[in-house]
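Remarks on the overall topology
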Amino acid sequence: MTAFRLFWSTTLLLLAGGPLLAVAGLALASLFDATAWHALWQDPHALPALALTLWTGLASTVLAWWLSAALLAQGFVRQSLGRLLRGLPVMLATPHAALAIGLVFLLAPSGWVLRALSPWLTGFEFPPPWPTTQDPWGLGLIVALTAKEIPFLLWTAATQLQRDDVRQRWRSEHALAQTLGYSPQRAFWRVVWPQLSARLWWPLLAVLAYGLTVVDMALVIGPASPPTLAVLAWQWLQDADLAVNAQGAAAGGVLALALLAAALLWRAAQGLSARSGHALNGVRGAAPPPGNTSKSERVPVSFHLLAGLYGAVLLALAVGSVAGVWPFPRVWPEAVTGQAWQRVWDSRDTVGTTLGLALASAALALAWSVAWLELAPRRWDTALRPVLYVPLVLPAVLWVVGLYHLALWWRLEGQWLGLLLAHTSMVLPYVLLTLSPAYLGFDARYAALSASLGHGPWRFLWRIKWPLLRRALAASAAVGFAVSVAQYLPTLYVGAGRFNSVTTEAVNLAAGAQRSLTSAYAGLQFVLPVLAFALAAWLGAPRRFKGSRS
Amino acid sequence: MTTFSLSRREILLIAGSATGAAVTPAWAQSPSPAWANLEKAARGQTVYFNAWAGSETTNAYLQWVAAEVQAAYGVKLEHVKITDTADVVKRVRAEKTAGRQAGEGTVDLVWINGENFAAMKRDRLLLAPWAEALPNFKYVDTVGKPTTLNDFSVPTDGQESPWGMAQFTLFADSKRLPQPPQSMAELLALARRQPGRISYPRLPDFTGTTFVKQALLEHVADVGVLAKPPVAADFAKVTAPLWQFLDALHPHLWRGGKQFPQNPAAVRQMMADGELLLALTFNPNEPANEIAARRLPASVVSWQFAKGTIGNTHFVAIPYNAKAAAGAQVVANFLLSAKAQARKADISHWGDPTVLDLAKLPPAERALFPSQPLPGQVAKPAPTLPEPHAAWVDPVEKEWAKRYL
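The following refers to the structure shown. Remember, predicted model here, so these are calculated numbers, not experimental data. (Residues numbered from 1 in each chain as written. Chains lettered and ligands numbered in written order. Predicted model: local features only at pLDDT ≥ 70, side-chain atom pairs only at ≥ 80, totals over all residues.)

1. Here's the deal with the overall build of chain B
What chain B contains, in helices and strands, is 15 helices and 11 strands. By the compact-globule yardstick of 22 Å for 405 residues, chain B fits well, its C-alpha radius of gyration being 22 Å. If you line up chain B on its principal axes, its C-alpha atoms span 70 × 50 × 35 Å. Burial statistics for chain B: of 405 residues in total, 52% are counted as buried. Look at the contacts in chain B between residues 6 or more apart in sequence, and 81% of them connect residues 24 or more apart. (Helix = DSSP H or I, 4+ residues; strand = E, 2+ residues; numbered from the N terminus. Rg over C-alpha atoms; globule rule 2.2 N^0.38 Å. Buried ≥ 20, exposed ≤ 12 C-beta atoms within 10 Å, placed from the backbone. Contact = placed C-beta atoms within 7 Å.)

2. Description of the overall build of chain A
Of regular secondary structure, chain A possesses 27 helices and zero strands. Relative to the globule expectation of 24 Å for 550 residues, the C-alpha radius of gyration of chain A, 24 Å, shows essentially globular dimensions. Dimensions along the principal axes, computed over C-alpha positions, put chain A at roughly 70 × 65 × 50 Å. The buried share of chain A, reckoned over its 550 residues, is 47%. Taking the contacts inside chain A whose residues are at least 6 apart along the sequence as the reference set, 81% of them involve residues at least 24 apart.

3. Considering the pairing of strand β10 (residues 309-317) of chain B
Residues and elements named next belong to chain B. The buried fraction of β10 amounts to nine of the nine residues, a majority that puts the element mostly inside the structure. Where strand β3 (residues 109-112) meets β10, three bridges bridge the pair, whose relative direction is antiparallel. When the sheet's bridge partners are listed, W111 is paired in β10 with V316. Across seven bridges, the pairing between strand β6 (residues 160-167) and β10 is antiparallel. In the sheet register, Q167 faces β10, and the bridge partner there is G311. Taken together, the two bridges between β10 and strand β11 (residues 384-385) define a ladder with parallel strand orientation. By the bridge assignment for β11, T309 is matched with T384. (Pairing = 2+ DSSP bridges.)

4. Considering the interface of chain B and chain A
The interface of chain B with chain A comprises 36 residues on the first partner and 37 residues on the second. Elements that contribute at least two residues to the side of chain B that touches chain A include exactly β1 (46-52), β2 (76-82), α5 (85-97) and α10 (264-273) of chain B. Counting residues per element, the side of chain B that touches chain A draws most heavily on α5 of chain B, at five residues. Here the side of chain B that touches chain A is composed, by residue class, of 14 nonpolar, 10 polar and 12 charged. (Nonpolar A, V, L, I, M, F, W, Y, C, P; charged D, E, K, R; others polar.)

5. Considering the nonpolar core
Core analysis: the largest hydrophobic core is formed by 158 residues, its most contacted members being A97, V215, L255 and V397 of chain A. For this core, the element with the most residues is helix α21 (residues 416-440) of chain A, which contributes 13 residues. By size, the runner-up hydrophobic cluster in this structure holds 114 residues, among which are V89, I291, V300 and I310 of chain B. (Core = buried A, V, L, I, M, F, W, Y, C linked by C-beta atoms within 7 Å.)

6. Some remarks on α10 of chain B
All names here are of chain B. For α10, the buried fraction is high: 10 of the 10 residues fall into the buried class. Within α10, the full set of buried residues consists of P264, A265, A266, V267, R268, Q269, M270, M271, A272 and D273. G274 sits one or two positions beyond α10 and adopts a positive phi of about 90 degrees.

7. As for the sheet that holds strand β8 (residues 278-281) of chain B
All names here are of chain B. Reading across from one edge, β8-β7-β9 is the order of the three strands in this open sheet, with antiparallel pairing throughout. With one partner strand each, in any of the chains shown, β8 and β9 (300-303) form the two edges of the open sheet. When strand polarity is set aside, the average angle formed by the axes of neighbouring strands in this sheet is 25 degrees. As defined by bridge partners, strand β7 (residues 169-173) adjoins β8 across four bridges and the pair is classed as antiparallel. In the sheet register, T169 faces β8, and the bridge partner there is T281. Of the strands in this sheet, β7 and β8 touch α10, which is tilted by about 155 degrees from β8. (Axes fitted to C-alpha atoms, helices over the stretch in contact; angles between N-to-C directions.)

Okay, structure coming up:
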C-alpha cells in the first residue's frame, strides 16, 4: 500500500469511525445506572411493552423476509425482475411515517375503506366502535412495517443481482439445476436463494432492528396502551424527570439486547434449516405446466397488491390534504380547501431545511463512501463494516442519546452543523450498503486496460469507472436523501427542536390529528424522496449509442 | 439620549400607525429609562420562543407577532415548535447540569404554566423577577382573573408574564346531542345510554388531566383541601371518590376505556367524524374557530358545566440562561399589548381569551375588542373554578396511569 493510500484511508477511518464509536460509547455509557434498571424492572408497563415489541418486530420481519423471497423467486424464475424493480423506487422512497399516516386514513373506523362500504353495505350511519387503528395487538403496525420493508429487501437483493458477474453465475447455475430435472421454482430455492440470502444478512439485520425499535411509525399506527417499548423509551427520554430519562436509556439498552437475541435466534434458525438436509433429498418438484413456460414475464399478483396499497395510501393523503368538513360516511369531502397547502407554503423554511440537510448529508456520505471503497484495503473495509453499521442496528432511541451527548460536548446542539452530522451518521450506512456491491464488483480488468492505454488513475475514474457506475452512484445518493428526509428522532433531539423537517411536522401533526395539514406534510414527505429517485433514475440511465444493439 | 429616545418613539408611532393600530402604545406615554435601555439592548437580538405548535392558528399568530416585533423593535422572533413543554424544562435543566452560564442557553422564551412552571421555579431555572415591571402589565386583570398571579396555586412572583386565559369547555354537534350533559354525573349517565361514544385524552395530556381534575373537583368532599399541596396520608382518602367515579365511567367509554386518544385534537377529529359524541377543549373559542375555518359544521355548540368548570392562565417565562433576555421581555410586553391581545382574542386569528381588564384600557384600545358572540361560542358562560394546587397534578397522573394504563 502506498503512503498516499495509507494516509487517506487512515483519515477516512478516523473521520467516520471516530464519531460513530464515540456516539456508540456515549450511548452505552448512559446504560450504567443501576437505579434506572431497577426502576425499569419495577415499571408495570415495561414487560407488556417488550412483549409487543418482540411480537410486532419479529412478525413484521418474518413476513417481509418471506414475502420478499417469494417475490424474488417468482421474479427470477419468470425473468420479470427488471420490470418488478421499476416500480420499486417509489415504494422505497415512501417514508415510514407517511405510509403509516396514510394507512391510518384508510383503515380507521372513519377511514376510506369503511366510508366506501357505508351505509349501503354495512348499514353504518356513524363510524363503528372498532379498534382498527392503534389496535392493541399491533396488527396495524405489523402491516405497515411489512409493507415498508419488502421494497427495501427487494432493493438490496436487486443491488446484488445488478452485479454482472454474480447474475451470470447464478443464471447459469439455475439453468444447470433445471437440466438436472428440478423445477424452476425449486431450482431457485435450492441454488440461488441460499447464496442470495447469505448476502442479505446486513439488510435483514437493519430490517429487524428497525422493526424492533421504530418510534415514529409506532406513534402513528402502533398500539397505545401499552405502546411498544421503543415508544415508551422515547416518552421516558422526553420526561422532565432525569431519573425517568435514565430509565428510558435503560429501555433502549433492553431493545439492543432484544435485537441481539433476535439476531442470534435468526442465525440459529437459518443454520438449523440449512443443516436439516432437505436440500439434498432429491425431490425435483412439479414441472411447469406445459404451454405456460417459464418465460411468461408476468409480474406477480402480490406485487400488484403491494403497489395498489401504496397507490391507495397516496390518494388518501392527496384527498385528505384538501379536505374541509367531511362527515361520515361520505366518500368525498363536503368542502374542499387549500388552507393546508397555504400553510405549507407559509412555512417553506421547513422544506428548505429538509432539502438542505438531505442534499448535504447524502453528498457527504456518498463522497466518503466512494473514497473509502476506492482507497481502503479490503481487509480494513471488512473490519470496519460492523462499526459503520452500528447506527443501523443500535436502537434509534439509544443512538440519539449518544448523538445528543456528543453534540453537547462539541457545543453543536441546536445547530445546523450538528444536525448535519447526526443525519450523515444515519445516512452513511445506507449509502455504503447500497453502493458497495456494484462498486466492489466493478470489473478490475477495466483498470488494467485503461492503464495499458497510458491513462492516469484520475482519468480512469472520471472517464471510465464512475460513468459506468453512475447508476449505482445515483441510486445510493437517492437512498441517502430518502433516509435523511425520513429522520425523526435525531432531527428533534439534536436539533433541540429548532429545526423542523417535513417529517417532524408530519409526525407531530399526526398526533394532533389535523387531517388536512398532516396529509399535506406526509404527502410532501413522500414527494421529496420520490423526486430524488426520479432524478437518480434519469441520471443513471445507460447511455444509448445510435446503431448499436437495442 | 433624550433626543434618541424621542426620535425613536416617533419612528415607533409611525410604525404603529402604518401597521393599522391607531393607538399610542401604552408604555410610550410614560417610558421608564430602564425600559428604554432594555429596548435598546433588545434591538437586533434573536429570541427563540419555545412554544407548543400543535395548532395552525397558534403558529400563524406567532408569525404575525414575529413580523410586528421585527418592525417595531428590531427583535427577530423564532418560533421553536415543540410538542411538549416538558422537553424544554428538560433541555434547560440539561444545560444547567452541563454548566451553561447566563447568556449561553438555547431557550429565550417559553410558553408555560402549571407543573412545568412549578418545576422550573423550584429548580431555579428561571430569570429573576421581571414580569411585573413590563409597561403593559398594569392593564392585566389581576383582580377579576386571580389566576394571572397564581399559576395552579403557585405564586408567579414575576417570573412569568400572563398571556391568555383558558377554561374547560365541551362541544358537540347539536344535531346529535341536543341536550348536553351539565355535570360529570350527567356525563356518566350519557355514557351509559350510548356506550363507546365518549372519551377524553390520555393523561398526562393537559386537557385529559383537566378532565380528571374537573371530576375530582366535583367529587371531593371539601374543595378547600385542593388549594394546598396534598398530604401523602390523605391523598388516598381525598381521591377515593374520584377513582370510584372513573371506575364506573371507563367501561362505557370509547374502546372500553382501555385506550385513550393522544390529545384533544384527536378527540375533536373523532367528534367531527361522528366516532365520538362530544369533544373537550381548554380554549372556549376553539369550536367557533373551527366552524369559521370550515373544519366543523355550524351546528356545533359549546358549553360549560352549569356549576362551573376549571379555568387557568397560561404564561410566558424566560430561562435563567437566555441569550436574548432583553429581547424576550420586549416580546412578552408586546404580547400583553391591547393590539396583540385583541388579535389573539379574535377568532378569525386565534380566539384565545384575553388576560387584560378591558375597563382599565384607554377607550381607543378597548374598541379593538369585539363584543358579540359568534356561532360555536359559549352562549352562557359558567363560573371559573380555580385549579387544584400544582402539587396535585403529579400524584393524580401517576395514580391514573397506574390504574388505567
